[in-house]
Amino acid sequence: MATAYQKRHGEIIFLEEIDDTFEKHHDFDGKTIRITAKLENHFPVDQKVTLISSKPVSCRQLEVDTSLLPPTSYIKGSLYQFIGELKFENQRFVLCAKVVRCVDGMDMELYQQAVKLQRKYLHKIHMTTT
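Source: prediction; values computed, not measured.

**Let's talk about empty space enclosed by the protein**
- Enumeration over the complete set of coordinates arrives at one cavity of 30 Å³ or more.
- For the largest cavity, the calculated volume is near 40 Å³.
- Around the largest cavity, the lining residues are Phe14, Leu15, Glu16, Thr36, Ser53, Ser54, Met108 and Gln112.
- Here the lining of the largest cavity is composed, by residue class, of three nonpolar, four polar and one charged.

Okay, structure coming up:
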């Protein structure tokens, strides 16, 4: 169960963790998340962007609906962090973004290591309190 803090700020999810398979879509559908990835394409007329994983071996993509955001000049290839609600539509996920920021220069490997350590610590604390 997500706390109010997680809902408001978004649970950190990596692009590789989002599973488009129908059997698993309920794990993410409607969840408020925070995702950091490279911007691949920007479609200003449709108010959408496409994100790709910053890992070269991954081919994961995520479409982001930017209609709730103010007009922004997105830079292809830059690293962006979005917070919003993940929805399962037409057999794929779409993120309805509410917050965006450019995070160029962030060390993604170090960021992922820190998030994994935080998850491990929070899991350990949760297991000892239940």
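**A look at a nonpolar patch on the surface**
- Judged by side-chain polarity, Tyr121, Leu122 and Ile125 come together as a nonpolar surface patch covering roughly 300 Å² of accessible area.
- Mapped onto the elements, Ile125 comes out in helix H2 (residues 108-129).

**Here's the deal with the pairing of strand E5 (residues 79-89)**
- When you tally the buried positions in E5, you get eight out of 11 residues, the bulk of the element.
- Summarising the sheet, strand E2 (residues 32-43) and E5 pair through seven bridges and their orientation is antiparallel. Paired with Ala37 across the strands is Tyr80, a residue of E5.
- The sheet contact formed by E5 and strand E6 (residues 92-102) spans 10 bridges and is antiparallel. The residue bridging Glu85 from the neighbouring strand is Cys96, located in E6.

Thresholds applied
- Residues numbered from 1 in each chain as written.
- Predicted model: local features only at pLDDT ≥ 70, side-chain atom pairs only at ≥ 80, totals over all residues.
- Heavy atoms only, no water.
- 1 Å grid on protein atoms, 1.4 Å probe; cavity = no way out; pocket = protein on both sides within 12 Å on 5 of 7 lines; lining within 4 Å.
- Points joined across faces, edges and corners; volume = space filled by probe spheres on them.
- Nonpolar A, V, L, I, M, F, W, Y, C, P; charged D, E, K, R; others polar.
- Patch = residues over 30% accessible without salt bridge, like charges linked within 9 Å, V, L, I, M, F, W, Y side chains within 5 Å.
- Areas by Shrake-Rupley, 256 points an atom, 1.4 Å probe, with all protein chains shown as cover.
- Salt bridge = Lys/Arg side-chain N within 4 Å of Asp/Glu carboxyl O.
- Helix = DSSP H or I, 4+ residues; strand = E, 2+ residues; numbered from the N terminus.
- Buried < 20%, exposed > 50% of the residue type's maximum accessible area, 1.4 Å probe, protein only.
- Pairing = 2+ DSSP bridges.

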